[in-house]
Amino acid sequence: MKRRDFIRGATAVALPLSLSGYSARAMGLSPMLESLAELTAQADRYLVLIQLAGGNDGINTVIPLDQMSTYNSLRSNIALPENKVLKLTNATGLHPSMVGMKSLYDAGNLAVVQGVTYPTSNFSHFRSTDVWMSGSDYNEYLSTGWAGRYLDNQFPNYPGSYPNASMPDPLAIQISSTPALVLKGSVPMGINLQDPEAFNRLVSGTSVNGFTTTPDTAAGKQITYIRQVQAQSEVYAKVIQKANASAKNLATYTAAGVNPLADQLAIVARLIAGGLKTRVYMVTLGGFDTHNQQVNATDHTIGTHAVLLARLSEAMTSFQQDLKLMKMDDKVLGMTFSEFGRRVGSNGSSGTDHGSAAPVFVFGKAVKGGIIGANPSLTNLDNGNLKMQYDFRQIYASILKQWFGTSSSEYSAVLSKDFTQLPLIQGSTSVAEEQQTFATNGIRVQNYPNPVSTSTTFEYTLPYTSRVRLIVVDAQGHAVTTMDEQQAAGSYSINFNTASLASGAYTYRLETERGWASGKMIVAR
Amino acid sequence: MALLDKYPATLTAKTAEHLLRRTMFGATRADITALTGKSIDAALDALLKDQTAPAPPVDPTTGQTWVNDTVQSSNDGQYINYMKAWWLGLMATQPISITEKMTLFWHNHFASARSVVNDTRYLYKQNVLLRKNALGNFKTLAREISIDPAMLRYLNGNRNTKASPQENYARELQELFTIGKGPEISAGNYTTYTEQDVRTAARALTGWTDNATTVTAVFNLNQHDTADKQFSAAYQNTIIKGRNTATAGMDELNDLLDMIFRQNATSEYICRKLYRFFVNFEVTPTIESEVIVPLGKTLRDNNFEIKPVLRQLLGSTHFFDNNIIGAMIKAPLDLIIGMVRQMQITIPNITNQLAFYYSYFDSLRPLATTLQQDVFELPNVAGWSAYYQEPLYYQIWINSATMPPRANLGNTLINGWTLTNRATGATMRVTFDSLVFLQQFPNPEDPNKVIDNLTQNFFAIDLTSEQKDELLTKVLLPNLPAYEWTVEWNDYMKTPNDAQKKALIKAKLDALIKYMMLIAEYQIT
């Protein structure tokens, strides 16, 4: 069995200790199941990226029903009434307009990943969008996108030797006239279009032959680029048109021209059903920068944000239904992303200012449905903003490994660091399986004294270098504190101050990249 | 020789054209002739001369303007299209002047969108402000735009109250409009300002709102935060004294801008944007130290007057460097309006063909929209991404979705179309007569001269002799000997009313010009 090299030597820099303060479900895959996923990975697996541009208000999208009094006091002018929220669990619900996504969740086709952002989040739309699209650290400036790097790695020497017999289709398609960084590899790896028919019609009228020489100047570089775009458009227009014409949408979408996301996803569904082997699609829904009047003043369940979420929900649901009827639903995985969430407290104009962490939705038949992570705490904040629970690149890592089945070397061409995976795709391990795996990995954690008065010590031995999280959770499931840092192999004793904890039962969990262990303690004074 | 040294040579037709193409929208032959043989100082005197304000847009069906209405008209949705046509008309018909290009620069810099502002009267007022200050004082403009009614709406400055400050404008004022965001050196610290500075600046800006009857800004002291505002070390811990008077809003805005404009980063930031708009996207360390930094000093030394900076930049040896000519990709308006001007298409007369005049520019508007440069509808607060988005910059204008329609434009203009007067139903053809066009150049009977002259007229850079040869033998005269052109031309000149002869030679010339406009070389400037 191939063994994963989780930590790539020099790139394993020490992470600063952060107190992110959330409970987290166990994550990661057992080595055996991971390699099974890898074996079954096939070329005909497609990814659809849905950008929610502007910064989606996560707290009014996935509502923490276990903190409604705090919720109501911090955002009284935009708060959703509890009885209108679509309950996923007793503690967590969806915005009332997300009826379709609720049914996707109930069918096990929707995963909600809570509290996603990156360490030291940036509150600029533009910088944060670049971070998400490039997959960089907050202080790292990459001029390529994560999906672009993946495609560059999978299809070397693009565009020179493409199309070819093994890849006759565009590598990526973005339904837009403005190319996104996410699809940029060494060159732009995608085709942009608004409408497959018009695209082919226009291209056929503008065929250019001849000119190949260029001056060795900045102008020459632009000319080379433009010629490349012309050539790529011409090469792919016909296959795109053919795929589009050969397939029909089988599900009902919102009437054309009303919901731009539905329009885009209807095209994507046709292109997939039409047989394109295009690996990545990118679509965008804008308008999420809701500083102002995101809700109707008298009825908070309607208004700007409700319309946007209804569009997302309806488009995603129609798309999923379409793929099912086309019998393509086991080949397609979708994920949403937005540059940031919004401030926990609303502002005076019934809106919200820029924030940090927010939920990400991953959907598809192959998805392991459910909620990953705990509700964000509305009280344990960073300067008014939610704390990070998961790094967005954990989702990319999970998709690359579990969905696309990338090998270690392929993975490192996309992301320069290892990120702990989340169990997003069916076939990744359940908690019980993981526990067993971790037992075999020999991780144990214990604390003494126990019962605890004002302090206790956690002891554990780490057989390998890993990012390590130690999370203490109260009886209501709220994480009260977290240690999160990179640690070398060795034995550790961590002192933990319990003076501020109320008396009662707590569980604690030690998470590493290869397994986790847990224990119980009682605080009694 | 330093990059900003004054360009020493007299302008030739080629260098005059470069200056005109970059500072206006395409170059007409008359304008090129006017500047040829002039010194750079004389040329800039002409370009930088203050212009009288244009008459406001009108409803072409009535000839009346709506911009001074005290109530928003129910026709506002139509008025915005008239106003777009009005501005495109100004771009196409202006005398030698940088004014419209600079107005567009500021429109991109202080972005706005009708879909947000929702009132054409507001956007007209903003456009007047930008045009009035286009060659004026940056700091004055920054002050006036901060309380411009359209901007108050666009970034919710009109919803910013002491009880719940709304930080949308305060953030973008710093991030995008004045000082610019540096690298995030620690959580919430963007080098040039911090997240706390965003929140503090928002407090200084509380109390403003807009009046929809007068379309003016109004300051409400009772909504203003009168406490002192303490900024971070990035601003030398400046304290803006809280005011409690009727002029508190203006006084604190002035203090805020004084503090921001005291920082060298502010003058350098706007000079970098001017450089990317007029010269080239690539700001190398050399360009930074030899162009941006000295321009920033010029701006400060001249108390933020823009003209001296434009004079220094556009009059520099660097601006005329062989590596700068052709380094930009034409923005859609450069392409569309430039084409109309280059081809000297007869535009309907604004005085006695008002409806057709508006109809003409209204028919160019959707082309600009398709190519992603819709005026009064910026895609977001950072403006058009071609001017800021690394690493593609101008290349963003060109992708497989936009290249085919770009390449089709020449076709559209040469074939012409019919304008309709909505009120009367009368129609008018706008056409391009290539034969008349050609006669303004010497030796139209010589096919090699035809290629030479048209190449010089249409392209920013010279084509190679091989390329010209291809144009002659494959496009103008495929499978025909070169003397065939001379024979046909002389024949046509003898009997210019012979429709058959005319059609024969016109088809050849049209094909040549269409081809010139669809090759990559035509897309650069």
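The rules we used
Residues numbered from 1 in each chain as written. Chains lettered and ligands numbered in written order. Predicted model: local features only at pLDDT ≥ 70, side-chain atom pairs only at ≥ 80, totals over all residues. Heavy atoms only, no water. Helix = DSSP H or I, 4+ residues; strand = E, 2+ residues; numbered from the N terminus. Areas by Shrake-Rupley, 256 points an atom, 1.4 Å probe, with all protein chains shown as cover. Buried < 20%, exposed > 50% of the residue type's maximum accessible area, 1.4 Å probe, protein only. Contact = heavy atoms within 4.5 Å. Lys, Arg positive; Asp, Glu negative; His and termini not counted. Charge placed at Lys NZ, Arg CZ, Asp CG, Glu CD. Pairing = 2+ DSSP bridges. Axes fitted to C-alpha atoms, helices over the stretch in contact; angles between N-to-C directions. pLDDT = per-residue confidence, 0-100. Phe/Tyr/Trp six-rings, centres within 6.5 Å; stacked < 30°, edge-to-face > 60°. Buried area = accessible area lost by both parts, 1.4 Å probe. Salt bridge = Lys/Arg side-chain N within 4 Å of Asp/Glu carboxyl O. Polar contact = N/O pair within 3.5 Å; in protein donor to acceptor, adjacent residues only side chain to side chain. Parallel < 35°, antiparallel > 145°, perpendicular 65-115°, else oblique. Expected span 1.5 Å × (residues − 1).

J.: So what about the overall build of chain A? Which residues, and what values?
T.: From N to C terminus, chain A includes 12 helices and 19 strands. Element-wise, carbon and sulfur atoms account for 53% of the exposed surface of chain A, whose accessible area totals about 18700 Å².

J.: Outline the overall build of chain B, supporting the account with residue identities and numerical values.
T.: When its secondary structure is counted, chain B shows 23 helices and six strands. The dimensions of chain B, computed from C-alpha atoms along their principal axes, are 85 × 60 × 40 Å. Out of the 525 residues in chain B, the part that is buried amounts to 60%. Counted over contacts in chain B with a minimum sequence separation of 6, partners at least 24 positions apart contribute 72%. Here chain B has roughly 18700 Å² of accessible surface; of this, 51% comes from carbon and sulfur atoms. For chain B, the distance from the average site of its 49 positive side-chain charges to the average site of its 52 negative ones is 3 Å.

J.: So what about the sheet that holds strand β14 (residues 455-462) of chain A? Which residues, and what values?
T.: Residue and element names in this part refer to chain A. Taken together, the three strands give an open sheet; going across it, the order is β13-β14-β17, and neighbouring strands pair in antiparallel fashion. Looking at which strands have only one partner, the edges of the open sheet turn out to be β13 (445-448) and β17 (490-497). Taking each pair of neighbouring strands and ignoring which way they run, the sheet shows an average axis angle of 20°. As paired strands, β13 and β14 are joined by four bridges and run antiparallel to one another. Counted as the bridge partner of Tyr 448 is Thr 457 from β14.

J.: Let's hear about the confidence of the model for chain A: which residues, and what values?
T.: All names here are of chain A. Residues of chain A with pLDDT of at least 70 account for 87%, and the chain-wide mean is 86. This stretch, residues 1-42, has a pLDDT under 50; its non-local contacts, to residues over four places away or in other chains, come to 124 contacts. In this model, residues 430-440 is a region of pLDDT below 50 whose contacts with residues beyond four sequence positions or in other chains number 20 contacts.

J.: Outline the packing of aromatic side chains, listing residues and values.
T.: All names here are of chain B. Using the criterion set out here, one finds 51 aromatic pairs over all chains in the structure. Residues Phe 281 and Tyr 394 carry aromatic rings whose centres are separated by 5.7 Å and whose planes lie at 90° to one another, so their mutual orientation is edge-to-face. Of this pair, Phe 281 sits in the loop between α13 (264-278) and α14 (285-301) while Tyr 394 is found in the loop between α17 (354-370) and α18 (403-415), placing the two residues 113 residues apart along the sequence. Residue Tyr 394 is classed as buried on the basis of its relative accessible area, which comes to 1%.

J.: Lay out the interface of chain B and chain A in plain terms, naming residues and giving numbers.
T.: If you look at the interface, chain B gives 65 residues, while chain A gives 59 residues. Of the roughly 4800 Å² buried at the junction of chain B and chain A (both faces included), carbon and sulfur atoms supply 58%. Across the contact surface, chain B and chain A share two salt bridges. Here Glu167(B) makes a salt bridge to Arg343(A), at a shortest N to O gap of 2.6 Å. At the junction of chain B with chain A, the criterion picks out 25 residue pairs in polar contact (both at pLDDT 80 or more).

J.: Please give an account of unusual backbone geometry that cites residues and values.
T.: Peptide bonds are trans in most cases, and residues, glycine excluded, mostly fall at negative phi. The omega torsion across Tyr448(A) and Pro449(A) is -10°, close enough to zero to call that bond cis. Summarising the element assignment, Pro449(A) is placed in the loop between β13 and β14. The amide bond that connects Glu390(B) to the next residue, Pro391(B), takes the cis arrangement and shows omega of -5°. Within the element layout of this structure, Pro391(B) appears in the loop between α17 and α18. Even without being glycine, Thr191(B) reaches a positive phi, approximately 70°. Turning to its location among the elements, Thr191(B) is positioned in the loop between α10 (168-177) and α11 (195-204). The class for Thr191(B) is partly exposed, based on a relative accessible area of 37%. Positioned with a positive phi, Val215(B) is a non-glycine residue whose angle comes to about 50°. Note on placement: Val215(B) falls in the loop between β1 (208-211) and β2 (216-219).

J.: I'd love a proper account of the sheet that holds strand β4 (residues 92-94) of chain A, names of residues and values included.
T.: All names here are of chain A. Taken together, the three strands give an open sheet; going across it, the order is β2-β4-β3, and neighbouring strands pair in antiparallel fashion. Two strands in the sheet have a free side with no partner beyond their single neighbour: β2 (62-64) and β3 (86-87). Note that β2 and β4 share three bridges and pair antiparallel. Bridge pairing in β4 links Pro 64 to Thr 92.

J.: With reference to specific residues and values, describe the packing of helix α3 (residues 99-106) of chain A against helix α9 (residues 304-325) of chain A.
T.: For any two helices packed against each other, one specifies the crossing angle of their axes together with the interaxial distance. All names here are of chain A. Where α3 contacts α9, the axes come no closer than 7 Å and their chain directions differ by 45°. The orientation of α3 relative to α9 falls into the category oblique. Residues Val 99, Gly 100, Met 101, Ser 103 and Leu 104 of α3 pack against Leu 312, Ser 313, Met 316, Thr 317 and Gln 320 of α9.

J.: Run through the pairing of strand β6 (residues 427-430) of chain B, naming residues and quoting values.
T.: For a regular strand, the rule is simple: side chains alternate between the two faces of the sheet. Residue and element names in this part refer to chain B. Here β6 shows a buried face lined by Met 428 and Val 430 and an unburied face lined by Thr 427 and Arg 429. As defined by bridge partners, strand β5 (residues 417-420) adjoins β6 across four bridges and the pair is classed as antiparallel. In the sheet register, Thr 418 faces β6, and the bridge partner there is Arg 429. Counted along the chain from β5 to the antiparallel partner β6, the turn is six residues long, and its residue Gly 425 has a positive phi close to 80°.

J.: An account of helix α12 (residues 248-261) of chain B is needed here, citing residue identities and associated values.
T.: The terminal C-alpha atoms of α12(B) lie 20 Å apart, and with 14 residues this matches the ideal 20 Å at 1.5 Å per residue to within 8%. Considered for burial, the residues of α12(B) that qualify are Ala248(B), Gly249(B), Glu252(B), Leu253(B), Leu256(B), Leu257(B), Met259(B), Ile260(B) and Phe261(B).

J.: Provide a residue-level description of the confidence of the model for chain B, including the pertinent values.
T.: When pLDDT is averaged across chain B, the result is 96; 100% of the residues are at 70 or more. With a pTM of 0.84, the predicted complex shows an ipTM of 0.95.

J.: Could you give an account of the environment of Ser166(A), with specific residues and numbers?
T.: Relative to the helices and strands, Ser166(A) resides in the loop between α5 (146-154) and β6 (172-175). Separated by 51 residues in the primary sequence, Ser166(A) and Gly115(A) have C-alpha atoms spaced 39 Å apart.

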